[in-house]
Number of protein chains: 2
Amino acid sequence: MTDRTVYFVSDGTGITAETFGNSILAQFTIKPRHIRRPFIDTSEKAYAVVREINEMAEREGKRPIVFLTLVDREVLKIVRDHCKGRVMDMFGTFIEPLEEEFEAKSNHRVGRFSDIAKSQEYHDRIEAINFSLAHDDGQSAKNLDVADVILVGVSRSGKTPTSLYLAMQHGIKAANYPLIPEDFERDRLPTSLAPHRRKCFGLTIDPDRLSQIRNERRPGSKYADLMNCRYEINEAEKMMKREGINWLSSTHKSIEEIATTILNDIRPDRLVY
Amino acid sequence: MTDRTVYFVSDGTGITAETFGNSILAQFTIKPRHIRRPFIDTSEKAYAVVREINEMAEREGKRPIVFLTLVDREVLKIVRDHCKGRVMDMFGTFIEPLEEEFEAKSNHRVGRFSDIAKSQEYHDRIEAINFSLAHDDGQSAKNLDVADVILVGVSRSGKTPTSLYLAMQHGIKAANYPLIPEDFERDRLPTSLAPHRRKCFGLTIDPDRLSQIRNERRPGSKYADLMNCRYEINEAEKMMKREGINWLSSTHKSIEEIATTILNDIRPDRLVY
């Protein structure tokens with residue numbers, strides 16, 4: 001933590017801009033303090049946040065970095081004109097060239113999600129989250145025909161967080177199904193998966209890492225034992241190879257990277273973006 | 001859908017930039033086609049994507065919009081120099097002023113999440129997701145003392161997707177607990193919640209909307225009946241008032257907006273950002 005402060009000022013939630021801003025700041029070793037000021041949608045609130053930023057600038061002797069995502073022109077003008085921080089106008093920077101390119105004015109509508117709670121896209125996302133929850137860990141084999149993807153892999157290979165991420169971020173109906181020792185003994189895909197083999201995508205993981213993760217949950221168990229982890233992963237990979245299921249290793253990947261790789265591979269029809 | 005195409009080209013997943021880019025594009029009525037090209041991390045891949053973009057420009061007679069999040073200088077140079085699209089350099093635009101401001105070079109490390117799979121922040125996020133799943137819908141009253149927030153409200157008021165979003169986006173351990181008719185008859189908070197009242201945050205919802213949502217799940221049931229929804233919501237709000245629990249209405253709000261409002265209210269200590 002340093003004496004440098006970064007503000008995220010938005011007239012909406014500012015979440016998308018903040019997440020993106022964080023990925024830019026991650027390019028520096030400096031670790032500034034983050035202050036989030038969402039819903040700044042009136043002149044009064046704009047002046048209040050300007051005062052706060054200017055006091056901070058004075059106190060710290062260094063001007064704060066101020067990431068703005070303000071679509072309201074009046075609020076934007078107040079902050080730009082009076083704020084003593086280093087302003088990064090994340091919207092304006094791109095809106096202006098796009099207006100030129102599209103030969104159309106932007107609508108300056110506050111918040112990506114205004115009234116979106118009723119939109120089809122939003123409804124689909126919530127549906128996808130509910131679907132992924134209901135089909136977590138092979139809980140239900142019902143409606144697997146409407147799944148966009150079914151993640152398969154041994155317990156703790158990363159299926160659950162990846163399914164939820166696919167649903168939440170991309171509105172993808174992602175079921176997940178654990179491969180268990182019984183499946184390996186039977187030497188074939190679980191019966192409920194067989195008709196959906198083409199929608200399956202496998203996750204595997206390094207046995208040492210798996211053993212470590214499982215030991216956090218059940219220390220000293222057979223489940224967590226390295227030899228057992230090796231056996232399960234070996235069998236799971238053999239099965240995926242035999243069934244022609246694409247897979248990746250989650251060992252060094254974040255859920256964002258896993259999800260992006262899966263989307264690249266399955267390219268579901270219903271994915272809008 | 002128009003004849004205009006937008007590319008998102010990244011040497012990482014490009015997800016944060018794409019989500020942010022979408023919120024910028026949402027300011028226009030034009031609905032361009034989206035093409036995602038993640039993991040463009042070699043000269044070969046850069047030239048391939050340039051060829052693809054240039055062919056598209058020729059075919060459509062309009063230059064594509066190309067959002068770039070490339071930290072690799074060589075790849076960036078290839079795309080900038082040869083691509084006939086309208087380039088929006090989402091990283092460079094902000095990295096340069098920040099380098100000046102921080103008096104430090106950025107490290108041009110590819111991907112926000114490179115090797116992050118092992119970082120503490122990432123570990124905490126995964127932990128939070130597991131916590132929120134284990135404490136969904138009042139499934140477990142164990143470990144509620146380590147929860148950052150406990151969402152309370154009637155069934156289908158939006159608790160589950162909000163908890164998962166808080167966990168996934170912010171690494172917040174968010175439990176959720178349904179208020180059921182038995183709780184209203186007893187006229188007090190569920191016993192397991194009582195010691196944690198100060199961490200509770202309420203969600204309420206318009207009865208008509210609730211009835212509509214519940215009817216999708218159980219058509220014609222008492223559960224979905226409008227009169228019953230009115231009763232439950234009225235009792236839930238009475239309880240929250242009496243117990244001094246802050247709440248908001250999820251009716252017209254997206255999970256992003258609900259989550260941001262909750263964070264503004266609870267300001268958990270362990271929230272890094």
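Residues numbered from 1 in each chain as written. Chains lettered and ligands numbered in written order. Predicted model: local features only at pLDDT ≥ 70, side-chain atom pairs only at ≥ 80, totals over all residues. Heavy atoms only, no water.

With that out of the way, let us pick up the interface of chain A and chain B. Facing 84 residues of chain A, the contacting portion of chain B comprises 84 residues. By the criterion of area lost to chain B, the three top residues of chain A are Gln27, Phe94 and Phe102 of chain A, representing 10% of everything that side buries. On inspection of chain A and its partner chain B, the count reaches 10 salt bridges. A salt bridge links Arg125 of chain B to Glu256 of chain A, with the shortest nitrogen-to-oxygen separation between them at 2.8 Å. For the side of chain A that touches chain B, the elements supplying multiple residues, two or more each, are helix H1 (15-25), strand S2 (33-37), strand S3 (65-69), strand S4 (86-89), helix H4 (92-102), helix H5 (120-134), helix H6 (159-170) and helix H10 (255-266) of chain A. By residue number, the principal contributor to the side of chain A that touches chain B is H1 of chain A, which donates 10 residues. (Contact = heavy atoms within 4.5 Å. Buried area = accessible area lost by both parts, 1.4 Å probe. Salt bridge = Lys/Arg side-chain N within 4 Å of Asp/Glu carboxyl O. Helix = DSSP H or I, 4+ residues; strand = E, 2+ residues; numbered from the N terminus.)

To continue, consider the sheet that holds strand S7 (residues 200-204) of chain A. Backbone hydrogen bonds are what pair the strands of a sheet, in a parallel or an antiparallel way. Residues and elements named next belong to chain A. If you walk across this open sheet you meet the four strands as S6-S5-S7-S8, and the pairing is parallel. Strand pairing shows two members of the sheet lacking a second neighbour, strand S6 (174-178) and strand S8 (247-249), which therefore form its edges. Strand-to-strand twist in this sheet, taken as the mean axis angle between neighbours without regard to direction, amounts to 25°. Relative to S8, S7 is paired through three bridges, and the arrangement is parallel. Of the residues in S8, the one forming a bridge with Thr204 is Ser249. Together, strand S5 (149-153), S7 and S8 form the strand contacts of H10, whose direction differs from that of S7 by roughly 150°. (Pairing = 2+ DSSP bridges. Axes fitted to C-alpha atoms, helices over the stretch in contact; angles between N-to-C directions.)

On to unusual backbone geometry. Non-glycine residue Arg156 of chain A carries a positive phi angle of around 75°. Within the element layout of this structure, Arg156 of chain A appears in the loop between S5 and H6. Located in the positive-phi region is Asp187 of chain B, a residue other than glycine, with phi close to 65°. Structurally, the position occupied by Asp187 of chain B is in the loop between helix H7 (181-186) and strand S7 (200-204).

All right, on to the packing of aromatic side chains then. This structure, assessed with the given rule, holds 12 aromatic pairs over all chains. Ring plane angle 80° and centroid distance 5.1 Å describe the contact between Phe28 of chain A and Phe102 of chain B, whose orientation is recorded as edge-to-face. With one member in each of two chains, Phe28 of chain A in the loop between H1 and S2 and Phe102 of chain B in helix H4 (residues 92-102) form a pair that bridges those chains. Exposure remark for Phe102 of chain B: the relative accessible area of 9% places this residue in the buried category. Their ring planes at 35° and their centres at 6.1 Å tell us that Phe91 of chain A and Phe20 of chain B sit as a pair that is tilted. Within this pair, whereas Phe91 of chain A is found in the loop between S4 and H4, its partner Phe20 of chain B is found in helix H1 (residues 15-25), the two belonging to separate chains. Through pairs of rings, three or more aromatic residues link up here, namely Phe8, Phe67 and Phe94 of chain A together with Phe8, Phe67 and Phe94 of chain B. (Phe/Tyr/Trp six-rings, centres within 6.5 Å; stacked < 30°, edge-to-face > 60°. Buried < 20%, exposed > 50% of the residue type's maximum accessible area, 1.4 Å probe, protein only.)

According to the domain assignment, chain A consists of domain 1 (5-102) and domain 2 (116-266). Computed over C-alpha atoms only, the centres of domain 1 of chain A and domain 2 of chain A are separated by 39 Å. (Domains from an automatic or database assignment.)

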